[in-house]
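What the coordinates show
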Amino acid sequence: MIFRANRLHGTAMCALSAAMAATLLSPAPAAAAQVEDLRDYSIEELARLEIFSVSRRREPISEAPSAIYVITPEEIRRSGVTSLPEALRLAPNLHVARDSASQYAISARGFNSVETANKLLVVIDGRSVYAPLHSGVFWDEEHVLLEDVRRIEVISGPGGATWGANAVNGVISVITKNSADTQGWAARGTYGSLDRTATARFGGKIGENASFRVYANAFNREHTLAPGGGDAMDGYDGVTGGFRTDWQAGSNRFTFQGDFFDDNIGAGDLSGGNLLGRWTHDLDNGGWTMIRAYYDTSTREDVALYDETETADIFFQNALAPLGRHQLNWGGGYRYIHDIFRAPGAFTLDPEQDHQELANLFLQDEISLKETLTLTLGVKFEYSSYSDFDYLPSARLAWTPNDRTLLWAAASRAIRTPVRVDRDLVAEGIFLGGPNFGSEELIAYEAGYRGRPTQNTSVSVSVFLNDYDDLRNTALSADGGFPAQFLNQLHGQTYGVEVWGDWQATDWWRLSAGLTTLEKDFDLQPGATNIASPPSTGNDPSWQAKIHSRMDINERLRLDADLRWIDDLPNPAIPGYVELDARIGWMVTDDVELTLAGINLLDESHPETDAANFAQEARRGVHVGLRWGF
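Here the structure is a predicted model, which means the values were calculated and not measured. (Residues numbered from 1 in each chain as written. Predicted model: local features only at pLDDT ≥ 70, side-chain atom pairs only at ≥ 80, totals over all residues. Heavy atoms only, no water.)

**Concerning the overall build of the protein**
The condition that has to hold: Secondary structure is summarised from DSSP: a helix means a run of H or I of at least four residues, a strand means a run of E of at least two, and numbering begins at the N terminus for each. Using a 1.4 Å probe on the protein chains alone, a residue whose accessible area is under 20% of its type maximum counts as buried, one over 50% counts as exposed, and one in between counts as partly exposed. Whether two residues are in contact is decided by their heavy atoms: any pair within 4.5 Å suffices. All accessible areas in this document rest on Shrake-Rupley with a 1.4 Å probe, and a residue is counted as covered only by the protein chains that are shown.
Along the protein, the regular secondary structure elements total 6 helices and 36 strands. Structurally, the protein occupies a C-alpha span of about 75 × 65 × 45 Å along its principal axes. Counting only residues that meet the buried cut, the protein has 57% of its 630 residues in that class. Long-range pairs, those at least 24 residues apart, make up 61% of the contacts in the protein between residues at least 6 apart in sequence. Accessible surface for the protein amounts to roughly 24900 Å². Of this, 59% is attributable to carbon and sulfur atoms.

Next up, the structure:
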């Protein structure tokens, strides 16, 4: 581990030196990075950003009847973050809690902890990264190159009718840039007390209608702080790489892309990769057809376990042109998952190998009731080899009385289907799995407002009531002893408010703020028990608030700050905290930026979540960086 860390330090320094030398001695990159400041995007333009995730078709965010926040490339760059989970802190409707150097608990509208964050669907260019082993996300496997991100769409609220099972409390959709938009050479290096990174990317043309890019990235992340002090010995390092090609032939567009990673986490190794292909055909009448397929594999191995997962997925979608008052959108897909899991301890999965099959078909109709009133009805039919057939309906009403105001309301049903851990986790005499465990269910009611009260402000407000049934509990046997098992005997409600907005205070200063609240009320069925710790319903703050400040001091100098307040976590008890991240960026030229950034500047360390009653603490960190060509 020490050798690999030192190797990474050298790699990062070489990247910094090479980038500076290339800047001084070479011509500018083929696609020079543009000097972007706050004057480039008005509040109105930000309010009309085009999104895809709400209805699986392109539409302005100002017309989308959902609680959605979009993280832009400029936000990511100016925050100074170096990983996808840290970038997700920018979304006011997500609770992001760091558990270790490599793992995070991330959720929307509750159920957050490393063990219980299993109701948020995450997709990267349409590829689901929802882990079939435990229903969550292994964030240490998701090494998205942040400079290649076009936008991150974050929906709080169910998306079952369009995205299917497991889109219960929200959807995160990471969308990367077309390779035609990433031409020429680019490099980035950071060196700091906690993180070191080195990245290089090259994009080029293949004839008149095709383009490509390739990239490589190396990183090293230091240990978090153990509860008793000292290093938690959880630091990790790794290398990642990938490619993307895009080409167009008449009304046909093609994409082929792939990524790989090879990480060293403590005494363990983590490796894997993916390939994805997509064909889109634009129809003469304004509709389009798309077929997307991907293959994904990962292997996780250390002294405690061996886990190997392979996923193959194919999906078809047809968005029809408007037919009178109706705009139809339909499609379907199939997924095959194979998993091998071995653990030498008492707890393991039985059988050691298994597979799961998923199939779905969805239909959506957007009905124009009046020029300013739209009703969207949708349903998705799902089949899982673990839970048989199910249906996920949704109804969304949108009223736009003028071009600055959207009022919306929705009612939806969503489910989380069983996975390997729910059914197959066993320990002789202690735990006998959940052979009869079924899907968890949500009926959600939402309403919201999105608008621009003035020329220099935008606001989004949403309220929600979530009614859950058949949630997982860890129940003792009938005589009150062991073995325990997973059952569906927990039910209850959550409700809350989500508010965020932007204010263009001057042409050189923009402020953004967000506040979310959450109340929970859960009960077991009569006679049922639940010995899960943390509780099956997660360990969530009652409220959290965030403020982002973006200042253009002059044409070349940027000063950015991100402040967050997180309330106490109740069970197990984790004290709330206030933290500040800050960044100074100097555009030396149009292509070169030097940065100084700090995270967790208000405290030397603090815990953010608790995995198995072992609360490691996130540390204060500072790093310098250089970007060329991005």
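**Topic: the pattern of salt bridges**
Note the following rule: The term salt bridge refers to a pairing of a side-chain nitrogen on Lys or Arg with a carboxyl oxygen on Asp or Glu at a separation within 4 Å.
Going through the model one piece at a time under the given rule, you end up with 45 salt bridges. Ionic pairing is found between D140 and R300, a salt bridge with its closest N-O pair at 2.9 Å. In this pair, D140 sits in the loop between strand 7 (127-128) and strand 8 (149-156) while R300 sits in strand 16 (residues 288-301), placing the two residues 160 residues apart along the sequence. Among the residues examined, R300 registers a relative accessible area of 14% and is labelled buried.

**Topic: the nonpolar core**
General note: in soluble globular proteins, nonpolar side chains tend to be found buried as a group. Put simply, the rule reads: To qualify as a nonpolar core, a set must consist of buried Ala, Val, Leu, Ile, Met, Phe, Trp, Tyr and Cys residues joined through side-chain atoms within 4.5 Å.
Formed by 33 residues in total, the largest nonpolar core has its most connected members in I71, I76, L88, L94, I152 and I172. Secondary structure elements with two or more residues in this core: strand 3 (67-71), helix 4 (84-87), strand 5 (104-107), strand 6 (120-124), strand 8, strand 9 (170-176) and strand 23 (405-416). Ignoring any residue separated from it by four or fewer positions in sequence, one finds L88 in contact with I71, L94, V96, I106, W139, I152 and I172. In terms of nonpolar packing, the next biggest core, distinct from the first, is built from 13 residues, I61, A64, L121 and A167 among them.

**Things to note about the pairing of strand 31 (residues 557-566)**
For clarity, the cut-off: For two strands to be treated as a pair, DSSP must find no fewer than two bridges joining them.
Burial along strand 31 is one-sided: R558, D560, D562, R564 and I566 are buried, while L557, L559, A561, L563 and W565, pointing the other way, are not. Here strand 30 (residues 543-552) runs beside strand 31; their pairing, made up of 9 bridges, is antiparallel. Bridge pairing in strand 31 places K546 opposite R564. Between strand 30 and the antiparallel strand that follows it, strand 31, lie 4 residues. Here strand 31 pairs with strand 32 (residues 577-587) via 10 bridges, running antiparallel. Bridging from a neighbouring strand, I566 pairs with Y577 of strand 32.

**A few points about a nonpolar patch on the surface**
Going by this rule: Residues forming no salt bridge and having over 30% relative accessible area are the ones grouped into patches, like charges within 9 Å of each other and nonpolar side chains (Val, Leu, Ile, Met, Phe, Trp, Tyr) within 5 Å.
Where nonpolar side chains cluster on the molecular surface, the patch consists of Y191, I553, L559, V578, I584, L596, L601, L602, V622 and V624 and spans about 750 Å² of accessible area. Breaking the nonpolar patch down by element, the ones donating at least two residues are strand 32 and strand 36 (621-628). Assignment of secondary structure puts L559 in strand 31.

**Concerning the packing of aromatic side chains**
Note the following rule: Only the six-membered ring of Trp is used, alongside the rings of Phe and Tyr, when aromatic pairs are assigned; centres must lie within 6.5 Å, and planes under 30 degrees apart are stacked while those over 60 apart are edge-to-face, with the rest tilted. By definition here, charges over rings are those cases where NZ of Lys or CZ of Arg is within 6 Å of the ring centre and within 35 degrees of the ring normal.
Evaluated as defined, the whole model comprises 15 aromatic pairs. For the pair F111 and F522, a centre-to-centre distance of 5.7 Å together with 80° between the ring planes defines the contact as edge-to-face. On the criterion of sequence distance, the pair formed by F111 in the loop between strand 5 and strand 6 and F522 in strand 29 (residues 519-524) is long-range, its members being 411 residues apart. The pair F111 / F522 is uniform in exposure class, with both members buried. On the numbers, 5.0 Å between centres and 50° between planes, the contact of Y383 with F389 is tilted. The class for Y383 is partly exposed, based on a relative accessible area of 29%. Classification of F389 by relative accessible area gives exposed; the value is 64%. One residue, R472, lies across the ring of F486, its end atom 4.6 Å from the ring centre.

**Looking at the side chain of D422**
Our working definition: The term polar contact refers here to a pair of N or O atoms within 3.5 Å; inside protein, the definition further demands a hydrogen-donor-capable atom paired with an acceptor-capable atom, and it admits residues adjacent in sequence only when both atoms are side-chain atoms.
Looking at the element boundaries, D422 is found in helix 6 (residues 420-424). Taking the relative accessible area as the measure of exposure, D422 reaches 0% and is therefore buried. Side-chain polar atoms of D422 contact the backbone nitrogen of V419, separated by 3.0 Å. Residue contacts for D422: discarding those within four places in its chain leaves S135, R416, T417, G433, G434, F437, R472 and F486.

**Let's talk about unusual backbone geometry**
Backbone torsion omega between D350 and P351 reads 15°, so that peptide bond is classified as cis. Take P351: it is sitting in the loop between strand 19 (348-349) and strand 20 (353-370). Look at the link from N571 to P572: it is a cis peptide, with omega at -5°. Relative to the elements of secondary structure, P572 occurs in the loop between strand 31 and strand 32. If you check the backbone angles, R56 has positive phi at about 60° while not being a glycine. By the secondary structure assignment, R56 is in the loop between strand 1 (50-51) and strand 2 (59-60).

**Considering the sheet that holds strand 7**
Strand order in the open sheet formed by 5 strands is 3-8-9-6-7, and the pairing between neighbours is mixed. Each of the sheet's edge strands pairs with one partner strand only, and the pair in question is strand 3 and strand 7. As paired strands, strand 8 and strand 9 are joined by 7 bridges and run antiparallel to one another. Within strand 9, the residue paired with I152 across the bridge is V174.

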